[in-house]
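# Coordinate analysis (summary)
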Amino acid sequence: MRKLWILIVILVSGMVVQAQEPGSAGIGDPYYPTLGNGGYDALSYALDLDVDMENNVISGSSTMEAEATEDLSSFHLDFIGFEIESIEVNGEAAAYLRNGRELSITPEAALEDGESFTVVVAYTGEPNEDLSQQSALYSSGWVRYKDGVFVASEPAGAARWFPVNDHPRDKALYSFRITVPEPYVVAANGLLQDVIINADDTTTYVWSSEYVMASYLATVNIGDFVVQTDEGPDGLLIRNYFPSRLTEDAEEVFAPTADMIEYFSSIFGPYPFEAYGVVVADLPLFFALETQTLSLFGAEMIPGALTDILSGWQSPESVIAHELSHQWFGDSVTPENWEDIWLNEGFASYASALWLEHSAGEAVFENVMRQYYAQIEGRNYTPGDPGPNRLFGQGIYPQGAWTLHALRMEVGDETFFEILRTYYERYQYSNASTADFIQVAEEVSGQDLTDFFDAWLFDGGAPSVPSWGLGIDDEED
Ligand code: TRP
Ligand code: ZN
């Protein structure tokens, strides 16, 4: 009898062990099933990296603190390239397997739902060494250029420089210890906490932020930067990292930043983070990225910086306003899934038009909106469901901006700005979906806006707009 009981206990405990299953290889993004991972919530990442600038090799470790959200026999991280030296979970060596961007880790002891755990991955190698794993769609992450390094990872290039739950829905805290040879300077997200001069002619820069961040917004920039500081509203620290040869001109170009923060704070709500600023990489980028607390720009922003490049890009001021406004919409309120990207880019495109309306007047604003309309007229865009290959196209930027402007005309200025403030306040430091925004708009306006949002976001095509938006002169003036 006793033996039978022991047998039953063994069988039952065997079943319990079997109930611990592998965490899924994707977080559940409808467009990209393998982005992010399931079964846990990343709480923080501490990156401790040594950068060999000559050979473009980074080596060090990433420490992730996480909490299991189900019983786990194994779990995934996203990580591309590099040589893994070791992986420890809760201080014990863990087994792992790699397959493309999926890194599957089996800890010595299974993890229980609700359990906190620590993963340390030690690694070394050249970022993006294996170009066959390149995909423009997923972004390049860490990029070495002649004078330094920048990191731009939207939507999913963070996995190209550290092991990560690479999806905006799993925000976490970040800290960075980046060691570079003299005389390089490192700028990353948050506040510079420490600068340690080492015996071997290297310097360690310690950066961290006390606010959660999506992985695509994490950045490390290395260059011969000079820091220029300014003060925003309520004493907010503004610190800009400019290439030394461009400092004076760059300072002039970015001078409106403090006024822009003041204006956006007045219409959206208080600036969300402990500091703001920009970093300018000394090469032509022709893109900019709203990396949290420290937006990234290329040298084309500075007139005369690039002698061999014909300019003709957007006005620097509108791009500066665009990236700044993302700190509210994109960084603080972050898309739930990538299909919600118009909540970033439509908002930022409209915010830069709002800045011009405020600072330059109605005629300039109307001109910008007219240009936006010209890019969507006669097309069949669906910003609410752009498809996985069209996250950053015209169906998102100008049609997203026009969706907001049309909403403003539909509900009136007062209600419109109340909608923006309510939406921002409700979802700050968190994630929101298109349905969440529509819900706030209907709640605040008291109107059923189903047909309105269907027409602008889902049905395809641009609804008609006022005659000035079409470039036709109004009779009245
Ligand atoms: N979010 C950027 C903007 O402000 C555009 C962007 C999308 C980007 N993916 C990127 C920039 C990758 C740099 C790298 O509009
Ligand atoms: Zn943008």
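I will try to describe carefully the structure that is included in this document. Here the structure is a predicted model, which means the values were calculated and not measured.

Quick look at the overall build of the protein now. Scanning the protein from terminus to terminus reveals ten helices and 23 strands. Here the C-alpha atoms of the protein give a radius of gyration of 24 Å, agreeing with the 23 Å that 2.2 N^0.38 yields for 477 residues. Relative to its full complement of 477 residues, the protein shows a buried share of 55%. Across the protein, every contact between residues at least 6 apart in sequence was considered, and the portion connecting residues at least 24 apart equals 69%. As displayed, the protein has an accessible area near 19900 Å², and 49% of this comes from carbon and sulfur atoms. Put simply, the protein has 18 plus and 77 minus side-chain charges, and the middle of one group is 6 Å from the middle of the other.

As a further point, take the coordination of the zinc ion (ligand 2). Coordination angles at a metal have ideal targets, namely 109.5 degrees for four tetrahedral donors and 90 or 180 degrees for six octahedral donors. On the protein side, the zinc ion (ligand 2) has His322 (NE2), His326 (NE2) and Glu345 (OE) as donor atoms, found 1.9 to 2.0 Å from it. Sequence spacing of the donors to the zinc ion (ligand 2): H-x3-H-x18-E. Of this pair, His322 sits in helix 4 (residues 316-326) while Glu345 sits in helix 5 (residues 342-360); the two residues are 23 residues apart in sequence, bridging distant segments of the chain.

Here we come to empty space enclosed by the protein. This structure, assessed with the given rule, holds two cavities of 30 Å³ or more. Looking at the largest cavity, its volume works out to about 40 Å³. Forming the boundary of the largest cavity are Tyr145, Asp147, Ile222, Gly223, Asp224, Phe225, Pro243, Val280 and Asp282. For the lining of the largest cavity, a count of residues per class yields five nonpolar, one polar and three charged. Lining the second largest cavity we find Phe268, Phe329, Phe347, Tyr350, Ala351, Leu354, Leu404 and Leu420. The element best represented in the lining of the second largest cavity is helix 5, accounting for four residues. Looking at the lining of the second largest cavity residue by residue, the class counts come to eight nonpolar, no polar and no charged.

A separate point is the pairing of strand 7 (residues 95-99). In terms of strand pairing, strand 7 meets strand 8 (residues 102-106) through five bridges, oriented antiparallel. Its bridge partner being in strand 8, Arg98 is matched across the sheet by Leu103. Between the end of strand 7 and the start of strand 8, which pair antiparallel, lie two residues, with Gly100 showing a positive phi angle near 60°.

As summarised here, the arrangement of the four strands in space is 1-4-8-7, forming an open sheet in which the pairing is mixed. Two strands bound the open sheet, and with one partner strand each, they are strand 1 (21-22) and strand 7. Sheet topology places strand 1 next to strand 4 (residues 72-78); two bridges connect them, and they run parallel. Directly across from Pro22, in strand 4, lies its bridge partner Ser74.

Together, Glu21, Asp41, Glu67, Glu70, Asp71, Glu112 and Asp113 make up a region of like negative charge exposed at the surface. For Asp41, the position within the fold is in strand 2 (residues 40-52). For Asp41, a relative accessible area of 31% corresponds to the partly exposed category.

Calculation notes
- Residues numbered from 1 in each chain as written.
- Chains lettered and ligands numbered in written order.
- Predicted model: local features only at pLDDT ≥ 70, side-chain atom pairs only at ≥ 80, totals over all residues.
- Heavy atoms only, no water.
- Helix = DSSP H or I, 4+ residues; strand = E, 2+ residues; numbered from the N terminus.
- Rg over C-alpha atoms; globule rule 2.2 N^0.38 Å.
- Buried < 20%, exposed > 50% of the residue type's maximum accessible area, 1.4 Å probe, protein only.
- Contact = heavy atoms within 4.5 Å.
- Areas by Shrake-Rupley, 256 points an atom, 1.4 Å probe, with all protein chains shown as cover.
- Lys, Arg positive; Asp, Glu negative; His and termini not counted.
- Charge placed at Lys NZ, Arg CZ, Asp CG, Glu CD.
- Donors = N, O, S within 2.8 Å, 3.2 Å for Na, K, Ca; no water.
- 1 Å grid on protein atoms, 1.4 Å probe; cavity = no way out; pocket = protein on both sides within 12 Å on 5 of 7 lines; lining within 4 Å.
- Points joined across faces, edges and corners; volume = space filled by probe spheres on them.
- Nonpolar A, V, L, I, M, F, W, Y, C, P; charged D, E, K, R; others polar.
- Pairing = 2+ DSSP bridges.
- Patch = residues over 30% accessible without salt bridge, like charges linked within 9 Å, V, L, I, M, F, W, Y side chains within 5 Å.
- Salt bridge = Lys/Arg side-chain N within 4 Å of Asp/Glu carboxyl O.

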